[in-house]
Amino acid sequence: MMSSAAKAGSARERRRATARTVRPRRSVLYMPGSNRRALEKARALPADALILDLEDAVAPDAKEAARATIQEALGERSAYGLREVIARVNGLNTPWGYDDLASMAATPVDAILLPKVESPDLVDIACAILDVAGAAPDLPIWCMMETPRGVLRAEAIADHPRVGCLVMGTSDLVTDVQAQHTPMRLPMLVSLGACLLAARAAGIAVLDGVYLDLDDEAGFAASCRQGRELGFDGKTLIHPKQLAAANAAFGPSPEEIARARAIIAAFEEAQAAGKGLVVVNGKLVENLHVAEAKRHLAHYEAIAALEADAA
């Protein structure tokens, strides 16, 4: 009988193996599930992933209609191409959460996004509902990290075998912490770091929170740069006008790709020649640099494939 710790470790290794099939998540755009026209327009947007939203973006009296709208839109799943499509459901403590999960179980979504996750027990409940409703047994669960208790339990949540991504809900988190929105996001750094560490330890993805001021292009670009520097895979967005800046910030630059190729080539040449020391542009290259270079190159190639599919 495998222990719970061994099961968690086994699941973590499976997810890390899956993560080697790189999926770009530079830009992850929320789309209102009740807006049929917006869901159709999303098919042509240069977003790496789309979150079809049944929660915040949908008024209470439009929740049921929004489910039908998303189901109809996903009837033409191929129209969204290679980009990921995720459905964000309402919380299970609301009148709509259970039916949201049951209705999305039969759709070809790539993941389900749960709001305000505060423990892995909530993920267990959501998985049970999805399983009964006929969802694929390996359908990933993404978790919104938007409460203090959720952040404090980030490690346990990230270690759940069905969880594939942590999504920062910084707007709600700032309110709950009673902090303030500042340009450098200093009040959020502890929470951002805790969730990022939990995700990386579990071998899953992690996405930065939204930027609310659509007129502050410089501030948004700075927030994207900070997110990339901290280590996030990408940023969640609230408007298509934010796509270009997010894609630029979270994608590898031409200089990074050129350096990655140079490192890999130099390392392979050194190995072939039986040399143990590799230097590129005056800097010592170690195995960790080669691994990072290969990751950058795989990311670049996955982005190129995604963009070619959308062209």
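Residues numbered from 1 in each chain as written. Predicted model: local features only at pLDDT ≥ 70, side-chain atom pairs only at ≥ 80, totals over all residues. Heavy atoms only, no water.

A. Main features of the packing of aromatic side chains. Across all of its chains, the model carries one aromatic pair by this definition. Lying over the aromatic face of Trp96, Lys63 brings its terminal NZ or CZ to 5.1 Å of the ring centre. (Phe/Tyr/Trp six-rings, centres within 6.5 Å; stacked < 30°, edge-to-face > 60°. Lys NZ or Arg CZ within 6 Å of the ring centre and 35° of its normal.)

B. Seen up close, the packing of helix H3 (residues 63–73) against helix H4 (residues 97–104). Contact geometry for H3 and H4: axes closest at 10 Å, N-to-C directions at 15 degrees. By the angle class used here, H3 and H4 are roughly parallel. Pair H3 / H4 crosses with right-handed handedness. On H4, the residues touching Arg67, Ile70 and Gln71 of H3 are Asp99, Asp100, Ser103 and Met104. Taken together, the residues that form the contact of H3 with H4 break down as two nonpolar, two polar and three charged. (Axes fitted to C-alpha atoms, helices over the stretch in contact; angles between N-to-C directions. Helix = DSSP H or I, 4+ residues; strand = E, 2+ residues; numbered from the N terminus. Parallel < 35°, antiparallel > 145°, perpendicular 65-115°, else oblique. Left-handed = near helix turned anticlockwise from the far one by under 90°. Contact = heavy atoms within 4.5 Å. Nonpolar A, V, L, I, M, F, W, Y, C, P; charged D, E, K, R; others polar.)

C. Here's a closer look at the nonpolar core. Ranked by size, the top nonpolar core spans 63 residues in total, and within it Ile112, Leu114, Cys143 and Leu166 carry the most contacts. Sorting elements by how many residues they give to this core places helix H9 (residues 189–202) first, with six residues. Setting aside anything within four residues of it in sequence, one finds Leu166 in contact with Cys143, Met145, Ile157, Ala158, Cys195, Ala198, Ala199, Ile204, Ala205, Val206 and Leu207. In terms of nonpolar packing, the next biggest core, distinct from the first, is built from 14 residues, Ile86, Ala111, Leu113 and Cys165 among them. (Core = buried A, V, L, I, M, F, W, Y, C linked by side-chain atoms within 4.5 Å. Buried < 20%, exposed > 50% of the residue type's maximum accessible area, 1.4 Å probe, protein only.)

D. Main features of the side chain of Asn247. You can see Asn247 is positioned in helix H11 (residues 243–250). With sequence-adjacent residues up to four places away left out, Asn247 is seen in contact with Arg26, Ser27, Pro46 and Asp48.

E. The confidence of the model for the protein, seen in detail. Overall, the predicted model of the protein reaches an average pLDDT of 93, with 93% of residues at or above 70. Low pLDDT, under 50, characterises residues 15–20; the predicted model gives this stretch 13 contacts beyond four residues in sequence or across chains. (pLDDT = per-residue confidence, 0-100.)

F. Representation of a nonpolar patch on the surface in the model. Nonpolar side chains collect at one region of the surface, where Met184, Leu186, Leu189 and Leu230 lie side by side and expose about 370 Å² of accessible area between them. With respect to the helices and strands, Leu186 occurs in the loop between helix H8 (170–177) and H9. Under the relative-accessibility criterion, Leu186 is labelled exposed at 57%. (Patch = residues over 30% accessible without salt bridge, like charges linked within 9 Å, V, L, I, M, F, W, Y side chains within 5 Å. Areas by Shrake-Rupley, 256 points an atom, 1.4 Å probe, with all protein chains shown as cover. Salt bridge = Lys/Arg side-chain N within 4 Å of Asp/Glu carboxyl O.)

G. Seen up close, the pairing of strand S2 (residues 49–53). The element S2 is largely enclosed, with a buried count of five among its five residues. Burial of S2 is two-sided: the residues Ala49, Ile51 and Asp53 facing one way and the residues Leu50 and Leu52 facing the other way are all buried. Alignment of strand S1 (residues 27–32) against S2, held across five bridges, turns out to be parallel. Counterpart to Pro32 in the pairing with S2 is Asp53. Chirality of the crossover, the property in question, places the unit of S1, helix H2 (residues 36–41) and S2 among those that are right-handed. In the sheet, S2 pairs with strand S3 (residues 84–88) via five bridges, with the strands oriented parallel. Among the inter-strand pairings, Ile51 is bridged to a residue of S3, identified as Ile86. Each parallel crossover has a hand, and for S2 linked through H3 to S3 it is right-handed. (Pairing = 2+ DSSP bridges. Right-handed = clockwise from strand over helix to strand, strands pointing away.)

H. Quick look at the sheet that holds S3. Reading around the circumference, S1-S2-S3-S4-S5-S6-S7-S8 is the order of the eight strands in this closed barrel, with parallel pairing throughout. Across the sheet, the mean angle separating the axes of adjacent strands is 25 degrees when strand polarity is ignored. Sheet analysis places S3 next to strand S4 (residues 111–114), joined by three bridges and oriented parallel. Along S4, the bridge assignment pairs Ala87 with Ile112.

I. Representation of the state of the cysteines. On inspection of all chains with the given rule, the structure shows zero disulfides. As a non-bridged cysteine, Cys165 has Cys143 as the owner of its nearest cysteine sulfur, 8.8 Å distant. (Disulfide = S-S within 2.5 Å.)

J. Main features of the pairing of S1. The buried fraction of S1 amounts to five of the six residues, a majority that puts the element mostly inside the structure. In the sheet, S1 pairs with strand S8 (residues 234–237) via three bridges, with the strands oriented parallel. Pairing of Ser27 across the sheet is with Lys235, part of S8.

K. Molecular detail of the side chain of Ser223. Secondary-structure assignment places Ser223 in helix H10 (residues 217–230). Residue classification places Ser223 among the buried residues on the basis of a relative accessible area of 4%. Once residues within four sequence positions are removed from consideration, Ser223 is found in contact with Arg185, Asp208, Tyr211 and Lys235.

L. Fine view of the environment of Gln71. Within the secondary structure layout, Gln71 lies in helix H3. As for Gln71 and Leu288, which are separated by 217 residues in sequence, their C-alpha atoms are 44 Å apart. Dropping the residues within four chain positions of it, Gln71 is found in contact with Ser103, Met104 and Thr107.

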